[in-house]
Amino acid sequence: MENLNSEDLCSVEPNGEGRINDPPSTSSSYKLFGRQATVHQMMGGGKAADVILWRRRHVSCGIIVVATVAWLLVERSGLSFLSLCSDVLLVLIVLLFLRANYTVFRKRQQQTLPELVLSEEMVNNAAASFRVKVNYMLLVAHDITLGKDFRLFFVVVIALWLLSVIGSLISFITFLYIGIVISITIPVLYNKFEDRVDRYAGMIHQKFSKHYKIVDESVISRLSRNLSKEKDP
């Protein structure tokens with residue numbers, strides 16, 4: 001018995017801070033959103049994933065700074081988002097035009113600007129991805145309108161109601177700014193504390209599944225069966 005205990009203690013290794021890691025629990029195998037790949041692969045694995053996970057810190061900080069400045073300008077100045085974008089583009093175009101003519105007047109060589117061209121492959125991939133998402137949304141709307149999936153109907157109603165409540169409390173610009181900040185900060189925090197978040201999320205998922213099973217058996221399933229019986233001739 002003593003040998004077994006000593007072997008168990010020896011198998012527990014301290015982490016980098018000198019602390020002993022917690023033993024794995026039954027919910028440690030749970031992965032948030034049921035993912036099988038890493039967080040970086042889940043984000044696409046490209047430059048955008050590097051920015052979201054702060055592997056390009058200058059770009060990530062720049063996005064937060066630009067979003068914060070734009071939000072403050074829109075909220076404090078009282079200008080609309082369209083007016084602000086038009087003013088910024090107007091100032092940018094005038095500065096570039098004056099700079100180009102100044103280099104010609106001083107007989108200096110103009111710096112070549114890269115051509116912005118969308119390739120046919122990029123457009124086709126974007127169109128194909130957009131078509132798949134639109135078809136999925138139409139299929140969901142078709143199932144909801146025909147009353148085939150009561151659970152999906154319940155989820156959509158709750159989501160739309162939450163959006164309505166949030167829209168009545170904050171403006172669209174504030175909602176967009178909060179979304180940008182969350183998309184830049186939450187993924188990197190989850191990537192840093194992945195094991196802890198998955199462990200606690202697994203515990204919450206188990207408890208929520210038990211309560212949802214009770215509600216499903218007592219309310220949702222009976223209501224869906226009654227609706228299907230009423231539709232049958």
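Residues numbered from 1 in each chain as written. Predicted model: local features only at pLDDT ≥ 70, side-chain atom pairs only at ≥ 80, totals over all residues. Heavy atoms only, no water.

In plain terms, the rule: UniProt positions are given in the numbering used here, feature names are shortened, and annotations may be inferred rather than shown by experiment.
Per an unreviewed UniProt entry, the protein chain goes by the name Reticulon-like protein and belongs to Fraxinus pennsylvanica. Listed under Subcellular location (unreviewed entry) in UniProt, the entry text for the protein chain is "Endoplasmic reticulum membrane".

## Structural notes on the overall build of the protein chain
Defined as follows: What counts as a helix is a DSSP run of H or I of at least four residues, what counts as a strand is a run of E of at least two, and both are numbered from the N terminus. Each residue's exposure class comes from its accessible area (1.4 Å probe, protein chains only) as a fraction of the maximum for that residue type: buried when under 20%, exposed when over 50%, partly exposed otherwise. Throughout, a contact is declared for two residues whenever any of their heavy atoms are within 4.5 Å.
Looking only at helices and strands, the protein chain features nine helices and zero strands. Going from the N terminus to the C terminus, the protein chain shows its helices and strands as α-α-α-α-α-α-α-α-α. Split into buried and exposed, the 233 residues of the protein chain put 12% on the buried side. When contacts within the protein chain are restricted to residue pairs at least 6 apart in sequence, those whose partners lie at least 24 apart make up 57%.

## As for the packing of helix H4 (residues 57-77) against helix H8 (residues 172-192)
Worth spelling out the cut-off: For helices, the fitted line uses only the C-alpha atoms of the stretch in contact; every axis is such a line through C-alpha atoms, and the angle between N-to-C directions lies from 0 to 180 degrees. Every angle not falling under 35 degrees, over 145, or within 65 to 115 is termed oblique; those three ranges are roughly parallel, roughly antiparallel and roughly perpendicular. A clockwise turn of the near helix away from the far one marks a right-handed crossing, whereas an anticlockwise turn of less than a right angle marks a left-handed crossing. Residue polarity follows a fixed list, in which Ala, Val, Leu, Ile, Met, Phe, Trp, Tyr, Cys and Pro are nonpolar, Asp, Glu, Lys and Arg are charged, and the others, Gly among them, are polar.
Taken N-terminus to C-terminus, the directions of H4 and H8 make an angle of 165°; their axes are 10 Å apart at the nearest point. With respect to H8, the element H4 is oriented roughly antiparallel. Between H4 and H8 lies a crossing of left-handed hand. For the pair H4 and H8, contact is made by Ser60, Ile63, Ile64, Ala67, Thr68, Trp71, Val74 and Glu75 and by Ile173, Thr174, Tyr177, Ile180 and Ile184, respectively. Partitioned by chemical class, the residues of the contact of H4 with H8 number nine nonpolar, three polar and one charged.

## Some remarks on H4
Counted only if it meets this: A helix is expected to span 1.5 Å for every residue after the first. Read the arc as the range of directions from the helix axis to the C-beta atoms.
With 21 residues, H4 should reach 30 Å at 1.5 Å per residue; the first-to-last C-alpha distance of 30 Å fits that figure. The complete set of buried residues in H4 reads Ser60, Ala67 and Val74. All buried residues of H4 lie within an arc of 70° about the axis, which places them on one face of the element. Among the exposed residues of H4, those oriented more than 90 degrees off its buried face are Arg57, His58, Val66 and Arg76. Tucked into the core, H4 has its buried residues touching helix H3 (47-52), helix H5 (81-105) and H8. Once H4 finishes, Gly78 follows within two positions and takes phi at roughly 85°, a positive value.

## Some words on the packing of aromatic side chains
Stated precisely, the cut-off is as follows: Only centres within 6.5 Å qualify two rings of Phe, Tyr or Trp (six-membered ring in Trp) as a pair; their planes then separate them into stacked at under 30 degrees, edge-to-face at over 60, and tilted for everything else.
Overall, the coordinates contain one aromatic pair when judged by the stated rule. Taken together, a centroid distance of 5.0 Å and an interplanar angle of 10° make the contact between Trp71 and Tyr177 stacked. Residue Trp71 is found in helix H4, and its partner Tyr177 is found in helix H8; the two are separated by 106 residues along the sequence. Assessed through its relative accessible area of 23%, Trp71 is described here as partly exposed. Here Tyr177 falls in the buried class, since its relative accessible area comes to 18%.

## Overview of the confidence of the model for the protein chain
Test applied: Within a predicted model, pLDDT stands for the predictor's per-residue confidence, ranging from 0 to 100.
Here the protein chain averages 75 in pLDDT, while 76% of its residues score no lower than 70. The spread of mean pLDDT over the elements of the protein chain runs between helix H1 (residues 2-11), the lowest at 42, and H8, the highest at 88. Counted against residues more than four places away or in other chains, residues 1-28, with its pLDDT under 50, gives 16 contacts.

## Brief notes about H8
As a reminder of what qualifies: In this scheme, the bend at a residue equals the angle between the axes fitted to the seven residues that finish there and the seven that begin there.
Between its first and last C-alpha, H8 extends 30 Å over 21 residues, near the 30 Å set by a 1.5 Å rise per residue. By the largest-angle criterion, Ile182 marks the main kink of H8, which is about 30°. Within the span of H8, buried status applies to Ile173, Thr174, Tyr177, Ile184, Pro187 and Tyr190.

## Considering the UniProt feature "transmembrane region" (unreviewed entry) in the protein chain
UniProt records the feature "transmembrane region" (unreviewed entry) at residues 57-74, 80-98 and 152-170, using the numbering of this structure. Across residues 57-74, helical content stands at 100% and strand content at 0%; the span's end C-alpha atoms are separated by 26 Å.

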